[in-house]
Amino acid sequence: MPAKQNTAEPVVRLRAAGLHFGDRVLWEGLDLDVAPGEFLAVLGPNGSGKTTLLKVLLGLQQLSSGTVEVCGHPATRGSRLIGTIPQQKAFPGNTPLRARDLVALGIDGHRWGPRLFRRRLNERVDALLELVGATGYAERPVGVLSGGEQQRLRAAQALSDDPRLLLCDEPLLSLDLHHQRAVSALIHRQACDRGSAVVFVTHEINPILQYVDRVLYLAGGRFHVGTPAEVMTSETLSELYGSPIEVFRSNGRIVVVGMPDTVEHHHGAEAASHDALAGS
Amino acid sequence: MDLNDLLGTIFSFENYAELLPLVTNSLIAGAILGLVGGLVGMFVMMRDMAFAVHGIAELSFAGAALALLLGANVVWGSVAGALAAALVLGLMGASAKDRNSITGVLMPFGLGLGILFLALYEGRSANKFGLLTGQIVAVDSVQLGLLAGCAVVVVIGLAVIWRPLTFASVDPAVAAARGVPAGRLSVVFMLLLGLSVALSIQVVGALLVLSLLVTPAAAALRVTSRPTLTVVLSVAFAVLSVVGGILLALAGRLPISPYVTTISFLIYLACRLIGWRRTVAASRARRPKPVAGPAPVR
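Quantities reported herein were computed from a predicted structural model and do not represent experimental measurements.

Enquirer: Go over the overall build of chain A with me, naming the residues and quoting the values.
Expert: Helix and strand counts for chain A come out as nine helices and 12 strands. The C-alpha atoms of chain A give a radius of gyration of 19 Å, which matches the 19 Å a tight globule of 280 residues would have. Taken along its principal axes, the extent of the C-alpha atoms in chain A is 55 × 40 × 40 Å. The burial tally for chain A puts 43% of its 280 residues in the buried class. Here the analysis covers contacts within chain A between residues at least 6 apart in sequence; of these, 68% occur between residues at least 24 apart.

Enquirer: Just give me the short version of the interface of chain A and chain B, but keep the residues and values in it.
Expert: Counting from both sides, the interface comprises 30 residues of chain A and, opposite them, 26 residues of chain B. The element contributing the most residues to the side of chain A that touches chain B is helix H3 (residues 99-108) of chain A, with four residues. Looking at side-chain class alone, the side of chain A that touches chain B contains 13 nonpolar, 11 polar and six charged residues.

Enquirer: Got a sec to walk through the pairing of strand S7 (residues 165-169) of chain A? Specific residues and values, please.
Expert: Residue and element names in this part refer to chain A. S7 sits mainly inside the fold: five of its five residues count as buried. Of the two faces of S7, the one lined by Leu-165, Leu-167 and Asp-169 and the one lined by Leu-166 and Cys-168 are each fully buried. As defined by bridge partners, strand S6 (residues 82-85) adjoins S7 across four bridges and the pair is classed as parallel. Within S7, the position partnered with Ile-85 by the bridge is Cys-168. The pairing of S7 with strand S8 (residues 197-201) spans five bridges and is classified as parallel. Following the sheet pairing, Leu-166 is matched in S8 by Val-198. Following the backbone out of S7, through helix H6 (residues 177-194) and into the adjacent parallel S8, one traces a crossover that is right-handed.

Enquirer: Quick one: what's the story with the nonpolar core, residue by residue and with numbers?
Expert: In terms of nonpolar packing, the biggest core is built from 167 residues, with Leu57(A), Val199(A), Val53(B) and Val209(B) touching the most fellow members. Among the elements that take part in this core, helix H4 (residues 50-70) of chain B stands out by supplying 12 residues, more than any other.

Enquirer: Can you lay out the sheet that holds strand S1 (residues 12-21) of chain A for me, pointing to particular residues and giving the numbers?
Expert: All names here are of chain A. An order of S2-S1-S4-S5 is seen for the four strands of this open sheet, with the pairing classed as antiparallel. Each having just a single partner strand, strand S2 (24-34) and strand S5 (73-74) make up the two edges of the open sheet. Bridging between strand S4 (residues 65-70) and S5 involves two bridges; their strand directions are antiparallel. Residue pairing for S5: Val-70 is matched across the bridge by His-73.

Enquirer: Requested: an account of the UniProt feature "domain: ABC transporter" (unreviewed entry) in chain A, with residues and values cited.
Expert: Those residues carrying the UniProt feature "domain: ABC transporter" (unreviewed entry) are residues 12-245 of chain A in this numbering. Regarding residues 12-245 of chain A, the helix share stands at 32% and the strand share at 25%, and the terminal C-alpha atoms are separated by 31 Å.

Enquirer: I'd like a description of the packing of helix H12 (residues 215-223) of chain B against helix H13 (residues 227-249) of chain B, backed by residues and values.
Expert: Residues and elements named next belong to chain B. It is the contact of H12 with H13, at a shortest axis distance of 8 Å, that shows an interaxial angle of 135°. Between H12 and H13, the interaxial angle falls into the category oblique. Considering the relative orientation of H12 and H13, their crossing is right-handed. Every residue of H13 that contacts H12 at Pro-216, Ala-217, Ala-219, Ala-220, Leu-221 and Val-223 is listed here: Thr-230, Leu-233, Ser-234, Phe-237, Ala-238 and Ser-241.

Enquirer: How would you explain the environment of Ser241(B) if you had to name every residue and give the values?
Expert: All names here are of chain B. On the secondary structure map, Ser-241 appears in helix H13. With 31 C-beta atoms counted inside 10 Å, the residue Ser-241 sits in the buried group. A C-alpha to C-alpha distance of 7.6 Å links Ser-241 and Gly-34, two positions 207 residues apart in sequence. Residues contacting Ser-241, with those up to four places away along its chain left out, are Gly-34, Ser-211, Pro-216, Val-260, Ile-263, Ser-264 and Ile-267.

Enquirer: Give me the UniProt feature "transmembrane region" (unreviewed entry) in chain B: which residues, what numbers.
Expert: Residues and elements named next belong to chain B. Residues annotated in UniProt with the feature "transmembrane region" (unreviewed entry) correspond here to residues 20-44, 75-94, 101-121, 141-162, 199-221, 228-250 and 256-276. Along residues 20-44, the helical share is 84% and the strand share 0%, with 33 Å between the first and last C-alpha atoms. Secondary structure across residues 256-276 comprises 95% helix and 0% strand; the distance between its end C-alpha atoms is 31 Å.

What counts and what doesn't
Each chain carries its own residue numbering, running from 1 in the written order of its sequence. As they are written, the chains are lettered A onward and the ligands numbered 1 onward, keeping that order. Only residues with pLDDT of at least 70 are given local features in this predicted model, and only at 80 or more are side-chain atom pairs given and counted; all residues enter the totals for whole chains, interfaces and linings. Secondary structure elements are taken from DSSP: a helix is a run of H or I of four residues or more, a strand is a run of E of two residues or more, and numbering for both begins at the N terminus. Only the C-alpha atoms count toward the radius of gyration. The rule for a globule is 2.2 Å times the residue count to the power 0.38. Counting other C-beta atoms within 10 Å of a residue's own tells you its class, since 20 or more makes it buried, 12 or fewer makes it exposed, and anything in between is partly exposed; those C-beta atoms are placed from the backbone. Think of it this way: build a C-beta for each residue from its backbone, and any pair within 7 Å is a contact. Classification convention: Asp, Glu, Lys, Arg as charged; Ala, Val, Leu, Ile, Met, Phe, Trp, Tyr, Cys, Pro as nonpolar; all other residues, Gly among them, as polar. When DSSP finds at least two bridges between two strands, those strands are taken to pair. Viewed with both strands pointing away, a crossover whose connecting path from the first strand over the helix to the second turns clockwise is right-handed. For the purposes of this analysis, a nonpolar core is taken to be any set of buried Ala, Val, Leu, Ile, Met, Phe, Trp, Tyr and Cys residues that are connected through C-beta atoms within 7 Å. UniProt positions are given in the numbering used here, feature names are shortened, and annotations may be inferred rather than shown by experiment. Fitted lines through C-alpha atoms serve as axes, helices being fitted only where they are in contact, and the angles separating the N-to-C directions of these axes extend from 0 to 180 degrees. Here is the rule for angles: anything less than 35 degrees is roughly parallel, anything more than 145 is roughly antiparallel, 65 through 115 is roughly perpendicular, and the remaining ranges are oblique. Crossing chirality is assigned from the near helix's rotation relative to the far helix, an anticlockwise turn below a right angle marking it left-handed and a clockwise turn marking it right-handed.

Okay, structure coming up:
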């Protein structure tokens, strides 16, 4: 994929980026370009600053050091260039929204005042619902949808502005295999067909392995960037974690053995950064 | 008191035609409060803030009682108390957990203050009781103007922040990523809520504010999830409760609040029933029909 990275202006450009919470270092000296159409998976243990990296790109979290640019401009809150797919989280049963209303909020929910031009909005919502295959349950309340149905709506929300950068925060968590495939294929299609850069935070690379161009692995205050073949090796992961780790490949899947459950000195940082994207 | 007397006290329609014109102001006030309560209630439900509403109401009561004691305007007193409480909750209670504990601390303090002020007050005792349980007689044109003015502020304020506030209330993660300023919206909403609570106290009293700010919206959410329809129903239920309550309470000697709370409670029960029947019907429809097996061979 190097050709893809060199031809165009990068969508994401991090230079000497570092992030500390108090004296805890999440990561430091991170130089990273993500090119249009590139699919970057961000892996690492809990509390290694994966979600926080997304917050930095969204302008919700300031870097402790270094710079971050999205499409050539410093990251700012509410950028139209970015779409976000969050973790699946159930809506309460009495939420007064249907599937199509949730998608509509993704399109214009940040605007003030009453809604005008409803017809145009409805047409856009219909098109997005069709794009993600959610037309069949457009009129159903969000409170009764399954996790997989919900994540398709999330994809519709995120794709509404044809974003240059698509941020995904564990979007496949708690989905069944069928929906995992459908949602990750949707995300991949946006990268391929529309040239969006994808930054995909996950703790499990296998469901998306076939789409991933590069991996950013964060652990223990350090990181490693490279293709899955370069990063997902016993040597690299053992070095990152500072303890012996075995990586096996079987049937196109990657199996990692000996991973510590958490990295000790990051417990506090997790509390500060984990609560998805809302806790800003 | 036998049953007939009791019924006569609860439902009395003597001189109804002569009484009606006297309460025109109250009816208008009731309709305004229903509108405000039905609208604000939507967000009280979405943001899970019923307990906070109760807390704000008690501090609003304290403010009104102080105004009564000092001979100041009671409406302004309750507005001041409610806004103070709403601001504290808005600034300190970002998460639902914090908000609940702060409300639990503020509420008894507010009630205690209110009782203190009422104990010191030496005027008509009906005034005292009215603050807690509601009254209809007292709305003159000046107060009606004040109520309407505050209601206009709440309605316009809500219209401006409706969409982003809905977004931030039901879908905080994506709203934050989209740049919706959830913190500032929350404070603005708390102030509008405080204003609405202060208004509602003038009619249903501090103890029963929830029947206007929670029950109608909760009922509406039971029967539909279409955003526009929930709002319309919520407002309709609230207006029906207040105006209906005033009309029933008119000729009797009882305070208005039991009528209002009963109507809104019955509407809620009916909506639950409808919602429940729908759920049952839906799950029946989804259950696969028994497959006809091969006919038994004889």
